[in-house]
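The residues making up each chain are set out below.
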Amino acid sequence: MTSSRAFDKSGPAFQSPLPVGQLYFPSWDRYEAAMRGIFERQYYNNDGPLLQDFESRLRDTLGVKHAICTGNATFGLMMVIEALGIKGSVLMPSFTFISTAQSVIWCGGKVIFCDVDSRTHHLCPSKVEEALSEYPEIEAIVAVNLWGGAADIAALKCIAKAHGLPLVFDSAHAFGCMVQDSSIGTFGVAEVFSFHATKVLSATEGGCVTTNDDALAARIRGMRPSYGSAPTVEPFRVLNSRMSEAQAAVGLLSLEDFSVIQMRNKSLYDAYGSGLSGVQGIKLLSPSNVSKSNYSYAVCELDEVAFGMTRDQLLQVLEAENVIARRYFYPGIHRSAGFDHNSHLDSERLSVTEKLCSSCLQLPLGARLDIADVVRITDIIARAQSASGKLASLIPRRC
Ligand code: T4K
């Protein structure tokens, strides 16, 4: 579909594609200075000074005993599962990025999916209870803190404790979020952040495991590996998941700029809130269960009857205008290759997940856009809704 067919005008609203994600780039001067230091020290990798500085600042910022940076969050999750010695079944949501489940499979484990709360999109504690009695073989719970919000951490901790299970948080989306006075990163037996370029704290690519457990931290450090710098620990399986000095340099700059990024995100998020408030059939999700959010996600739920077109039809209208919104998470891990052997049964158990997978979309929010851009995007959505009767018949219902 071309934009001229959508809105009867000559070109797309944005000249180049606007992707979702933060896409932080420090000023060239600061980046160059950081890289010059690496050249002067002639040290690219392996527990270097920038990495040690980054880890120490992460520990201080989060108020956690150990922060172990990794090649990305997927490796971080894999190392946590391996270091905890989990080889059996792990309970987790299906409404998450596929890495959450892949990490368990890599370690030889099995995944059991649990439905999420329709209001918050996070694991539903009562459904977790049900799953634990239905599947007594479950060895651990991996909860996901999504969209700059958090799961019901207190309830999940209580359930995990009562069942004697480790509770791990995939906090890939949640750097900088707080629950009361504590930072996300301090609640699980271990938590994992992503520092991918699209995340609120960027190391271009990267991740971090946080934990207050000394023995677990030692095992993960031994596994990362950091040859020669970690004391010898049990012969766990080793993985090359080091974070380079260049990644740590960008991570440090991003951390220095973090409060500015967070404030900017909030103003963009608020602009989405005002722009969409009068539009029928689309709702911007509020970050759940947090006293402070990183506001790095503009996630909406679309009611196709009230809006007049499907989520996928709206995505096509936006794409024609060069707004590259994404349908995170689609199609739900339980329907993805390798995890779909039980999809018929799972689709009945995971009714909220099924609905969210067909109704959620993530709009661009990050360094590439300003408030005027958000106003233009919400205007496109409002006009699409007003013209939905005409547009819906021209656009395929599914992408
Ligand atoms: N748990 C959860 C809940 C997660 O959401 C994720 C990852 C993980 C665990 C695992 O974290 P990592 O192992 O990745 O650290 C993205 C990201 O790769 C991934 O980090 C993220 N979540 C997932 C939800 O989305 P893609 O393939 O959709 O994004 P990507 O790299 O295509 O970037 C989006 C768009 O941004 C591109 O189409 C173009 C643009 N872009 C991207 C980069 C990297 C740029 O313009 N410049 C850039 O430098 O997976």
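Structure shown above.
Thresholds, definitions, all that
Residues numbered from 1 in each chain as written. Predicted model: local features only at pLDDT ≥ 70, side-chain atom pairs only at ≥ 80, totals over all residues. Heavy atoms only, no water. Helix = DSSP H or I, 4+ residues; strand = E, 2+ residues; numbered from the N terminus. Buried < 20%, exposed > 50% of the residue type's maximum accessible area, 1.4 Å probe, protein only. Pairing = 2+ DSSP bridges. Right-handed = clockwise from strand over helix to strand, strands pointing away.

## Here we look at unusual backbone geometry
At step 1: With an omega of -5°, the peptide bond between Tyr-328 and Phe-329 qualifies as cis.
At step 2: Examined against the element boundaries, Phe-329 turns out to sit in the loop between β13 (323-324) and α13 (343-349).
At step 3: Here Tyr-330 and Pro-331 are connected by a cis peptide whose omega angle stands at 10°.
At step 4: The topology assignment puts Pro-331 in the loop between β13 and α13.
At step 5: With a phi angle near 55°, Asp-47 is a residue other than glycine that sits in the positive phi range.
At step 6: Here Asp-47 is to be found in the loop between α2 (28-41) and α3 (49-62).
At step 7: With a phi angle near 70°, Thr-204 is a residue other than glycine that sits in the positive phi range.
At step 8: Along the chain, Thr-204 turns up in the loop between β9 (190-194) and β10 (207-211).
At step 9: Assessed through its relative accessible area of 41%, Thr-204 is described here as partly exposed.

## With respect to the pairing of strand β3 (residues 89-93)
At step 1: The buried count for β3 comes to five of five residues, which makes it a mostly enclosed element.
At step 2: Here β3 shows a buried face lined by Ser-89, Leu-91 and Pro-93 and a second buried face lined by Val-90 and Met-92.
At step 3: Taken together, the five bridges between β3 and strand β4 (residues 110-114) define a ladder with parallel strand orientation. In the strand pairing of β4, Pro-93 is matched with Cys-114.
At step 4: Each parallel crossover has a hand, and for β3 linked through helix α5 (residues 98-106) to β4 it is right-handed.
At step 5: Here β3 runs beside strand β5 (residues 138-144); their pairing, made up of three bridges, is parallel. When the sheet's bridge partners are listed, Ser-89 is paired in β5 with Ile-138.

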